[in-house]
Amino acid sequence: MRTDAAPRRPAPLVRGVAAVILVAAAAVGLARLPGELADQSRTAAAGRSLQQVGSIPVLSPGPRRTAFLAYVRGAVPPGESVRIVQPVTALSPLEGRRGGRPGICGYSVSRITYYWLVYALESRPSTCDPNARWTMYYGVRPGVLPAGSSAHRFADGYVLVRR
Amino acid sequence: MRQLLGPAAGVALVLLVGHGLLRLASGRRPHRAFGIVPAVGLSWFAGVAALGVLTTLVGVLGLTTRPLPVLAPVLGLFALAGLVPSRRPGEHAGGDRADPAAEPATRRPYLVGDLVAAAAGLLLAVRVATLSAGIPASANDEYALWMLRTRALSQLGGLDPRVFVDGSAGYQHQEYPLFVPALFAWLDSWAGRPSDPAAHVAVAITCGALLAVAGSLLTRLAGPAAAAAGLLLLVSVPTLLATQALRLMADVTVFSFAFCLTLVLLLVVTDPHRQGPARPWLAVAAVLGAGAIGSKSEGLAFAGIAFAAGLLVATGRRRGVLVAGAAALAVNLPWTAYSRAHHLSSWVANQDTLSLGHLRSVLPWTGHVARGMVEHWPGGSWAGALLAVAALVAAVLAVRAGHWRPVVLVALVVTVTTGVLLAQYVATAYGPPSDPRAGPLLDSQLTVTVFRVALLPAALLAVAGPLFAGLALRPGYAGLTPCQQMNMKSGRNPYRRASSESATTAQVSGSAWDSTSTSSQSSPP
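Residues numbered from 1 in each chain as written. Chains lettered and ligands numbered in written order. Predicted model: local features only at pLDDT ≥ 70, side-chain atom pairs only at ≥ 80, totals over all residues.

### Regarding the confidence of the model for chain B
Residues and elements named next belong to chain B. With 85% of its residues at a pLDDT of 70 or more, chain B shows a mean pLDDT of 88. Every residue in residues 92-104 scores below 50 in pLDDT, and together they form 23 contacts with partners more than four places removed in sequence or on other chains. As a predicted assembly, this complex carries a pTM of 0.91 together with an ipTM value of 0.94. (pLDDT = per-residue confidence, 0-100. Contact = placed C-beta atoms within 7 Å.)

What follows is the structure in structure tokens.
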């Protein structure tokens, strides 16, 4: 048995306005949803169509350079650091480091390419150490190699050097 | 075969761990405390949070972040904790005796809404997983940040200082928390090798859990019609499905945690009883808050703002909200300590961006940033404007019906998170408007990120219309007697007298706590 006042039923105007809002909200959702789902299907199809070389997706560098990355990944044991050398570009205003050697380990290079290289090498961290055992030249011809080192020239400017 | 079964086992374990954590934290069986559908969705979120906390902890302690020998056994204990029968009062393993605080079996007011939420979540998870499983990581932030850290955790087996600490090689956002990479790395390990498909499945499940939890909580707050409309708006927030659900990044995860946290806090503050079984929901709030903080840097702001707003309006439950917020923060302290110890400063709030001189020079960007945020706002079209107007009208109706608390809470979360995001863009501007590089950089930043980081306020604003409209149809204080309203306003239990007179007195529609409290009061001791 209820001993207090029963919940009051909202006024007809309130019910009417609330119903209009609910219907309008559902209509907006229904109007948007097909477009979102279609965009999703298109985006997913484009992503799935990416060609891969040795499980590395072929992005803007193209299949030949991607094959070089796959080669480096096969040659350098997991866990070993790799010194990455790239062509020098203007220093990005987004660069957070306060100094570095241009062209080495992502400093004053195409950052977007650098991060892609680092990721593509997977469990082989990037290092700036000039004495690193492995150095990957990506679009740069190596100079005089240190004594005792060996180089695998994949293509002109695409070389893996082992000290 | 391991590529398929391994991640499936990893996902199942995350769910079971979450179930166990919810049971331990709430003191109740999750499906009884929250209902089956929200319990499943919340178990996923809790499992992700537990995995993230533990991975971070073992990493910070210098142990391996691979499943063995530490992670999987400890998580297994959590999973077991959720499965063992209990003899604690109020917690019954068998189905023969009813949990006195549970939904009455004869009346399941949330059944329709829960079924809709479950169907929507399941369909979305399957769709996203099917579409995305074949997509390799190829977007900038995927490979430069989230999957890079994922592979460091799974392949290097821990917080390798060359990746996580050393700043010389230019690794980005080293201060970002680890929950998302931890989840992906966990599935890598179960797959036996780096697996982008497994990571995509994790994102798909997160999307499904978001819909299941949001739909069922909206049902409890505002009824099934409002929940259905809210779900439609949530799932159609521009870019959420079209791009973000397909990306291996943290934006969907931090949004899901923060959005569900806000809904849970709405449940807590709309309970007029003050003596209802709030603990389970506050425990959920703590778990979701921890997940938001541990997923991405802005999660700290999202969770902090939600808890602060909850503190402001949850009269009579402030201590509980405070404890939940503190717990969410506390479990993330190991990463905070690690970041501080290794000087991993935030790119947003650091001595450069927060210096008075810099702030003075970039302050003129405020109007430009505001316009850019409006331009790139998720759903900022005519439909978005219509939804905002609808939210305003519905807010008036809800306040008139006595539901000022949820209105204030949503308004605070939307406006303050938007303000914080705006301040973040202004503070991180490269330089003053006179610097020719600053404008293009800022515009690029706005274009690339607003649609991702503003998901929380955008989705809340979109859903606010149906939520408030649903609340307006369910009287709050307006349904109380003057005496009860007075008790309510003074922070006391409005049903003190009534509950001692009659068990059914406490039945007031419009509250998630109707059935639980009524049932609790009417149950024999």
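### Structural notes on the interface of chain A and chain B
Listed as interface residues are 54 residues of chain A and, on the opposing side, 62 residues of chain B. Ranked by residues supplied to the side of chain A that touches chain B, first place goes to helix α1 (residues 12-48) of chain A with 23 residues. Split into classes, the residues belonging to the side of chain A that touches chain B amount to 31 nonpolar, 13 polar and 10 charged. (Helix = DSSP H or I, 4+ residues; strand = E, 2+ residues; numbered from the N terminus. Nonpolar A, V, L, I, M, F, W, Y, C, P; charged D, E, K, R; others polar.)

### Quick notes on helix α6 (residues 140-155) of chain B
Because each turn of an α-helix spans 3.6 residues, side chains separated by three or four positions in sequence point in the same direction. Residues and elements named next belong to chain B. Of all the bends in α6, the greatest, near 45°, is centred on methionine 147. Counted residue by residue, α6 has 14 buried out of 16 residues, so it is predominantly covered. Glycine 157 occupies a position one or two residues after α6 and carries a positive phi of about 80°. (Bend = angle between axes of the 7 residues up to and from the residue. Buried ≥ 20, exposed ≤ 12 C-beta atoms within 10 Å, placed from the backbone.)

### Thoughts on the sheet that holds strand β5 (residues 150-155) of chain A
Residue and element names in this part refer to chain A. Pairing is mixed in the open sheet, where four strands are placed in the order β3-β4-β6-β5. Of all strands in the sheet, those bounded by a partner on one side alone are β3 (82-85) and β5. On average, adjacent strands in this sheet sit at an angle of 15° to one another, irrespective of strand direction. With five bridges joining them, strand β4 (residues 134-138) and strand β6 (residues 158-162) adopt antiparallel strand pairing. Each residue of the ladder has a partner; that of tyrosine 137, found in β6, is valine 159. (Pairing = 2+ DSSP bridges. Axes fitted to C-alpha atoms, helices over the stretch in contact; angles between N-to-C directions.)

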